[in-house]
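Fold and contact review
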Amino acid sequence: AQSVAQPEDQVNVAEGNPLTVKCTYSVSGNPYLFWYVQYPNRGLQFLLKYITGDNLVKGSYGFEAEFNKSQTSFHLKKPSALVSDSALYFCAVRDNAGNMLTFGGGTRLMVKP
Amino acid sequence: NAGVTQTPKFRILKIGQSMTLQCAQDMNHNYMYWYRQDPGMGLKLIYYSVGAGITDKGEVPNGYNVSRSTTEDFPLRLELAAPSQTSVYFCASSLRTGSTNEQFFGPGTRLTVL
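Residues numbered from 1 in each chain as written. Chains lettered and ligands numbered in written order. Predicted model: local features only at pLDDT ≥ 70, side-chain atom pairs only at ≥ 80, totals over all residues. Heavy atoms only, no water.

Concerning the interface of chain B and chain A
Listed by partner, the interface residues are 24 residues for chain B and 23 residues for chain A. Put simply, chain B and chain A have one salt bridge between them. For Lys 49 of chain A, the salt bridge identified is with Glu 102 of chain B, shortest N-O distance 3.1 Å. Here chain B is connected to chain A by four residue pairs in polar contact (both at pLDDT 80 or more). Mapped by element, the contributors of at least two residues to the side of chain B that touches chain A are strand 4 (31-37) and strand 5 (43-51) of chain B. Grouping the amino acids of the side of chain B that touches chain A by side-chain chemistry returns 11 nonpolar, 10 polar and three charged. (Contact = heavy atoms within 4.5 Å. Salt bridge = Lys/Arg side-chain N within 4 Å of Asp/Glu carboxyl O. Polar contact = N/O pair within 3.5 Å; in protein donor to acceptor, adjacent residues only side chain to side chain. Helix = DSSP H or I, 4+ residues; strand = E, 2+ residues; numbered from the N terminus. Nonpolar A, V, L, I, M, F, W, Y, C, P; charged D, E, K, R; others polar.)

As structure tokens, this is what we get:
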């Protein structure tokens, strides 16, 4: 069975500093990896995905993520955080044979001015 | 494009009542999904559909039913509401080749069962 772990319930960052939100996964076969963001009282919005190719993936709003196969990780990063980045972030994984997307428990990002 | 729409936005049910959560998408997506999100938790897949007339169970299907008579609509039915079904329900859709495509989510339905 596939699984996703987001080890931090909350990440606190000062505005302008770099941020990292961690994600590790377990899946049989090649992973398809996704990051989603959820703002209060809204549905999830797609940020970026890794399917194949370059290990560094660039997405919306200046976010990027690095796929590391040996460490089974897919950490979300941004060079300079904004207060408006404060939200709930979800990592998700799907194997290349299945239809189901498995989500991590989410990490709340708080960016303080 | 309206994207994925869900109705109602909020609902309070009494134990044992039934209701249908509506979901529609106008992006001609073949794949549709229902998730529930409990407070402080990630999303759990309830049911999904890979096309009209085809549905399958997800992680947490007990207490729910679905149907998919058209490409656009994917309603979720609760037959005998229980307090454990208090949650926020999200519908999502994705393109025909579901595995590599991102899912588009609706705004959610907040359900309370008392």
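Quick look at the packing of aromatic side chains
Tallied over the full model, the rule gives 14 aromatic pairs over all chains. Here the aromatic residues Phe 34, Tyr 36, Phe 46, Phe 90 and Phe 103 of chain A together with Tyr 33, Tyr 35 and Phe 105 of chain B are joined through ring pairs into a cluster of three or more. Sitting above the plane of the Phe 74 of chain B ring, Arg 68 of chain B keeps its charged end 5.9 Å from the centroid. (Phe/Tyr/Trp six-rings, centres within 6.5 Å; stacked < 30°, edge-to-face > 60°. Lys NZ or Arg CZ within 6 Å of the ring centre and 35° of its normal.)

Section: the pattern of salt bridges
All chains considered together, the criterion is met by six salt bridges over all chains. One salt bridge connects Glu 66 of chain A with Lys 77 of chain A, and the closest N-O pair in it is separated by 3.4 Å. Taken as a pair, Glu 66 of chain A in strand 8 (residues 64-68) and Lys 77 of chain A in strand 9 (residues 73-78) lie far apart in primary sequence, 11 residues in all. On the basis of relative accessibility, which here comes to 29%, the residue Lys 77 of chain A falls in the partly exposed class. Salt-bridge contacts for Arg 77 of chain B lead to Glu 79 of chain B; the nearest nitrogen and oxygen are separated by 3.3 Å. Under the relative-accessibility criterion, Arg 77 of chain B is labelled partly exposed at 30%. (Buried < 20%, exposed > 50% of the residue type's maximum accessible area, 1.4 Å probe, protein only.)

Some words on the sheet that holds strand 7 (residues 64-66) of chain B
Residues and elements named next belong to chain B. Pairing is antiparallel across the open sheet formed by four strands, whose spatial order is 1-3-8-7. In the strand order of this sheet, the two ends are held by strand 1 (4-7) and strand 7, each with one partner. Strand-to-strand twist of the sheet, defined as the mean angle between neighbouring strand axes without regard to direction, takes the value 20°. With three bridges joining them, strand 3 (residues 19-25) and strand 8 (residues 76-78) adopt antiparallel strand pairing. Looking across to strand 8, one finds that Leu 21 is bridged to Leu 76. (Pairing = 2+ DSSP bridges. Axes fitted to C-alpha atoms, helices over the stretch in contact; angles between N-to-C directions.)

Let's talk about the state of the cysteines
Residues and elements named next belong to chain A. Applying the stated rule across the entire model yields two disulfides over all chains. Two residues share a disulfide in this structure: Cys 23 and Cys 91, whose sulfurs sit 2.0 Å from each other. Its torsion about the S-S bond being -65°, the disulfide of Cys 23 and Cys 91 is classed as left-handed. Placement of the pair is Cys 23 in the loop between strand 3 (19-21) and strand 4 (24-26) and Cys 91 in strand 10 (residues 87-95), with a sequence separation of 68 residues. A relative accessible area of 0% means that Cys 91 is categorised as buried. (Disulfide = S-S within 2.5 Å.)

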